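Survey of secondary and tertiary structure
The chain contents come next:
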Amino acid sequence: MSIRTELQRALKELERDIESPECTFRGEDYPCSISTLERGTTLVIGGKEVDIVFALRIRKAGKLANGAPYAFTAETAPKDGNTLSYDGITYRIARADDTVGAFIMLHLTSINK
């Protein structure tokens, strides 16, 4: 089994175990998983310090909350500076990391940063 396949399987299990939380990006609800390991860390982006609230992982391809399939491309994937909503709160993406091609790790900060 490839690492990519194993990561996708593990992420699906994690989403199921934590009752498939969702984040809203560009008007669509995407299944995601939350990581608080980054909480309180500081990233230096463009010479500016940014405090990370938490991180979300979103699969690069899957099914939206409404069941429709999706696949992010370089043009449509979340990027640094974009905003998204999680649990009714809007956050700014401080850094979007494409990890191993299976999912995107979104390091989130306050909308006002």
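Residues numbered from 1 in each chain as written. Predicted model: local features only at pLDDT ≥ 70, side-chain atom pairs only at ≥ 80, totals over all residues. Heavy atoms only, no water.

A short note on the pairing of strand E5 (residues 48-51)
Along any regular strand, the residues point their side chains to alternate faces of the sheet. Here four bridges tie strand E4 (residues 42-45) to E5, and the two strands are oriented antiparallel to one another. Paired with threonine 42 across the strands is aspartate 51, a residue of E5. A loop of two residues connects E4 with E5, the two strands running antiparallel in sequence, and glycine 46 in this loop sits at a positive phi of about 60 degrees. (Pairing = 2+ DSSP bridges. Helix = DSSP H or I, 4+ residues; strand = E, 2+ residues; numbered from the N terminus.)

A look at the packing of aromatic side chains
Throughout the structure, instances matching the rule amount to six aromatic pairs. On the basis of an interplanar angle of 70 degrees and a centroid distance of 6.5 Å, the ring pair of phenylalanine 25 and phenylalanine 72 is categorised as edge-to-face. On the criterion of sequence distance, the pair formed by phenylalanine 25 in strand E1 (residues 22-25) and phenylalanine 72 in the loop between strand E8 (69-71) and strand E9 (83-86) is long-range, its members being 47 residues apart. An identical accessibility class is assigned to phenylalanine 25 and phenylalanine 72; each is buried. (Phe/Tyr/Trp six-rings, centres within 6.5 Å; stacked < 30°, edge-to-face > 60°. Buried < 20%, exposed > 50% of the residue type's maximum accessible area, 1.4 Å probe, protein only.)

Structural notes on the side chain of histidine 107
Along the chain, histidine 107 turns up in strand E11 (residues 103-110). Relative accessible area serves as the criterion here: at 11%, histidine 107 is assigned to the buried category. Here aspartate 97 takes part through its side chain, which lies 2.9 Å from a polar atom of the side chain of histidine 107. Apart from residues no more than four positions distant in its own chain, histidine 107 is found in contact with Glu38, Leu43, Ile52, Phe54, Ala55, Arg92, Ile93, Ala94, Arg95 and Asp97. (Polar contact = N/O pair within 3.5 Å; in protein donor to acceptor, adjacent residues only side chain to side chain. Contact = heavy atoms within 4.5 Å.)

Some details on the confidence of the model for the protein
Averaged over every residue, the pLDDT of the protein is 84; the share at 70 or more is 89%. Per-element confidence in the protein is highest for E9, whose mean pLDDT is 96, and lowest for E4, whose mean pLDDT is 72. (pLDDT = per-residue confidence, 0-100.)

Comments concerning the pattern of salt bridges
Counted according to the given criterion, the structure contains one salt bridge. Lysine 60 is paired through a salt bridge with aspartate 98; the nearest N and O atoms lie 3.0 Å apart. One end of the pair, lysine 60, is in the loop between strand E6 (54-59) and strand E7 (61-63); the other, aspartate 98, is in strand E10 (residues 89-99), and 38 residues separate them in sequence. (Salt bridge = Lys/Arg side-chain N within 4 Å of Asp/Glu carboxyl O.)

A few points about the state of the cysteines
Tallying each qualifying case throughout the model produces zero disulfides. In this model cysteine 23 remains outside any disulfide bridge; the closest cysteine sulfur is found in cysteine 32, 4.2 Å from its own. Assessed through its relative accessible area of 0%, cysteine 23 is described here as buried. (Disulfide = S-S within 2.5 Å.)

Some thoughts on unusual backbone geometry
For arginine 26, which is not glycine, the phi torsion reads 50 degrees and is therefore positive. Within the secondary structure layout, arginine 26 lies in the loop between E1 and strand E2 (28-31). Although it is not a glycine, aspartate 87 adopts a positive phi angle of roughly 55 degrees. Assignment of secondary structure puts aspartate 87 in the loop between E9 and E10. Under the relative-accessibility criterion, aspartate 87 is labelled exposed at 67%.

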